[in-house]
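The lines below spell out each chain.
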Amino acid sequence: MKIERVDDKTVKCFLSNEELEEYDIDYKDFVLRSEKAKEIVKEIIEQAEEEVGYKPPQFAFDLQIMMLPEQGLVLTFSEKEPFEGKEGEQIVEYLKQMRNVLMQAKEKLGNAAGSLAHGKKQFADNMSQQGQAVASNEKPDYAIFSFNSLSSVMEYATAMPATLRVQSSLYKLGNTFYLYLKKSGASYERYSRACVQALEFGELYAADESHLLLLREHGECLIEDRALKKLRLS
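Since the model is a prediction, treat every value here as computed from it, not as a measurement.

A. Representation of the side chain of Lys183 within the structure. Of note, Lys183 is situated in the loop between strand 7 (176–182) and helix 7 (188–201). For Lys183, the side chain forms a polar contact with the main-chain oxygen of Ala186, separated by 2.8 Å. When sequence neighbours within four positions are dropped, the list of residues in contact with Lys183 reads Asp141, Arg165, Val166, Tyr188 and Tyr191.

B. Summary view of the nonpolar core. In this structure, Leu15, Phe30, Leu75, Tyr156 and Leu228 are the most contacted members of the largest nonpolar core, which totals 47 residues. When residues of this core are assigned to their parent elements, the largest contribution, 6 residues, is made by helix 3 (residues 35–52). Excluding anything up to four places from it in sequence, Leu15 contacts Met1, Leu20, Tyr23, Phe30, Ile40, Ile44, Gln71, Gly72, Leu73 and Leu75. Formed by 9 residues, the second largest nonpolar core is a distinct cluster that contains Ile144, Tyr178, Ala206 and Leu215.

C. Looking closely at the sheet that holds strand 6 (residues 167–173). Overall, antiparallel pairing links the 5 strands, which are arranged 8-5-7-6-9 in an open sheet. Looking at which strands have only one partner, the edges of the open sheet turn out to be strand 8 (203–206) and strand 9 (220–223). Each adjacent strand pair in this sheet contributes to an overall mean axis angle of 35°, direction not counted. Where helix 7 meets the sheet, its contacts fall on strand 5 (142–147), strand 7 and strand 8, and the angle it forms with strand 5 comes to roughly 15°.

D. Broad picture of the side chain of Ser151. Secondary-structure assignment places Ser151 in helix 6 (residues 150–159). For Ser151, a relative accessible area of 9% gives the class buried. Within polar-contact distance, the side chain of Ser151 engages the backbone oxygen of Ile65 at 3.1 Å. Setting aside residues up to four positions removed in sequence, Ser151 forms contacts with Tyr27 and Ile65.

The rules behind these values
- Residues numbered from 1 in each chain as written.
- Predicted model: local features only at pLDDT ≥ 70, side-chain atom pairs only at ≥ 80, totals over all residues.
- Heavy atoms only, no water.
- Helix = DSSP H or I, 4+ residues; strand = E, 2+ residues; numbered from the N terminus.
- Polar contact = N/O pair within 3.5 Å; in protein donor to acceptor, adjacent residues only side chain to side chain.
- Contact = heavy atoms within 4.5 Å.
- Core = buried A, V, L, I, M, F, W, Y, C linked by side-chain atoms within 4.5 Å.
- Buried < 20%, exposed > 50% of the residue type's maximum accessible area, 1.4 Å probe, protein only.
- Pairing = 2+ DSSP bridges.
- Axes fitted to C-alpha atoms, helices over the stretch in contact; angles between N-to-C directions.

Following this line, the structure appears as structure tokens:
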């Protein structure tokens, strides 16, 4: 087990195939957060404290997993800022507010969508200028979430119920992955919970379908339909 300090809040741990075999553990255990994986994570954190002076986060940490073919895997621990829960109606309200801001940005952009970078800048400018928007009465039924890695998307997909009836597509632009979620046949409660849980693995990128058009134009569509089902690890 080799541990490397990246910065004050981040450490990496390399586990060789031999060590994985010794621990009788594999990639899926970490993704599904099995009891064996929790024990190994605890051991890694204790060793990181001793070897590199790592201080465990006060609230929670993000765990990223990267497979190294024929070598093993790398676990990256980074501190996660506390997230005040927005469950049920709260996340719907949050998405509605985001949608209003984006709709106003879209009106200013007019028919010329421009590049994705320009669209993102316009969104940021509007958020800065307007703060929270007044929520509309209509419940949004779509959102786009960004993820730093494919493994994060796969972890999220695995955490979702297999019976969740949402429409999902996966895109990639640069080094970032974008997951489009549309309510489809799911109830608003289940769709809202899915959005809440997505924030544990990634970030809300947009709540407006105009950004989906930008992704289609400038990004690469990796999975056009039923992305969550196809990305599940079990």
